[in-house]
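Listed below are the residues making up each chain.
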Amino acid sequence: MSVLVNKDSKIIVQGFTGSEGTFHAQQMIEYGTNVVGGVTPGKGGQKHLDKPVFNTVADAVEETGADVSIIFVPPAFAADAIMEAANAGIKVIITITEGIPTGDMIKVADYIKDRDCRLIGPNCPGVITPGEAKVGIMPGFVFKKGKIGVVSKSGTLTYEAADQVVKQGLGITTAIGIGGDPIIGTTTKEAVELLINDDETEAVVMIGEIGGQLEADAAKWYKGSGSKKPIIAFIAGETAPAGRTMGHAGAIVGGSDDTAQAKKKILGECGIHVVDSPAEIGKKVAEIVG
């Protein structure tokens, strides 16, 4: 079993004919992902990468039965693209776009809260279930099928953690890049919960960073869940100065509980195995899972 995406997912690309959409859709198709078409308003009826182009997500869903969308739409129009996908009945909406205004994301969060869909991102690398579907911008060759789930706020650390786990001979069930913006669709807790509840996932690697309460919320949920599946965690940004945004818009320390040290303490108290360096992730997973 996998979470969010698998070989049966029918994926459309919003912003299909743009340079980013084209490049990454090509990579996804070459990986073996079931891309059934794409959406670019005004270009409906054309073919692109040998796949049909539609004017609207609703048209694409009607014609292809698509249930997953990946969004490469520019920041000014990305919120509308997310809401259009939700309105058309797409179940998993993966938004790669970086720099969507926070005000727009507030509207999106309100719009989708009562709809039967799950938003991943924005400003994220996507989701990959190795050997089945790569819906994002991650380097597919790094990921091999296995029994460890990955949840990460950081794109590059997602690949680093996966690479280390694979080199330990364990492999990945599904890796979820949740994104580093202040307002994201799927939280650390929700992503961890999906993987903890997945039969094939035997342990979870959780990569967080300074700022916000997402990791603490996940840790508290985990402690209360009574799950015996181990979580191995790393928190990035230990040396970051307080009050300064570091790379990700959400990575800003607002109070004492937002620091890396405070988060690590909370995680440890909740039974999570915390490593001090990303270089230790693979070894720690192998040590615990064996």
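An unreviewed UniProt entry lists the chain under the name Succinate--CoA ligase [ADP-forming] subunit alpha, from Marixanthomonas spongiae. If you open the UniProt record of the chain and go to Pathway (unreviewed entry), you find "Carbohydrate metabolism; tricarboxylic acid cycle; succinate from succinyl-CoA (ligase route): step 1/1." What the UniProt record of the chain gives under Sequence similarities (unreviewed entry) is the line "Belongs to the succinate/malate CoA ligase alpha subunit family."

1. Digging into the sheet that holds strand β9 (residues 133-136)
One open sheet accounts for seven strands, arranged β9-β8-β11-β10-β12-β13-β14; its pairing is mixed. Because the sheet does not close on itself, it has two edges, and the strands there are β9 and β14 (273-274). The pairing of strand β12 (residues 203-209) with strand β13 (residues 231-236) spans six bridges and is parallel. Within β13, the position partnered with V204 by the bridge is I231. Along the sheet, helix α1 (residues 19-31) contacts β8 (126-129) and β9; its crossing angle with β9, the most-contacted strand, is approximately 170°. Lying on the sheet, helix α7 (residues 214-225) is in contact with β12 and β13; it crosses β12 at an angle near 150°.

2. Quick word on the UniProt feature "active site" (unreviewed entry) in the chain
UniProt annotation of "active site" (unreviewed entry) refers to H248 when read in the numbering used here. Turning to its location among the elements, H248 is positioned in the loop between β13 and α8 (260-269). Since its relative accessible area comes to 17%, H248 is described here as buried. Those residues in contact with H248 that sit more than four places away from it in its chain are N123, K153, S154, G180 and E209.

3. A closer look at the layout of surface pockets
Empty space within the largest pocket amounts to approximately 520 Å³. For the largest pocket, the lining is made up of 27 residues, of which F72, V73, P74, I96 and T97 are closest to its centre. Tallied by class, residues from the lining of the largest pocket come to twelve nonpolar, ten polar and five charged. Both domain 1 (11-120) and domain 2 (138-289) contribute no fewer than three residues apiece to the lining of the largest pocket.

What counts and what doesn't
Residues numbered from 1 in each chain as written. Predicted model: local features only at pLDDT ≥ 70, side-chain atom pairs only at ≥ 80, totals over all residues. Heavy atoms only, no water. UniProt positions renumbered as here; feature names shortened; annotations may be inferred. Pairing = 2+ DSSP bridges. Helix = DSSP H or I, 4+ residues; strand = E, 2+ residues; numbered from the N terminus. Contact = heavy atoms within 4.5 Å. Axes fitted to C-alpha atoms, helices over the stretch in contact; angles between N-to-C directions. Buried < 20%, exposed > 50% of the residue type's maximum accessible area, 1.4 Å probe, protein only. 1 Å grid on protein atoms, 1.4 Å probe; cavity = no way out; pocket = protein on both sides within 12 Å on 5 of 7 lines; lining within 4 Å. Points joined across faces, edges and corners; volume = space filled by probe spheres on them. Nonpolar A, V, L, I, M, F, W, Y, C, P; charged D, E, K, R; others polar. Domains from an automatic or database assignment.

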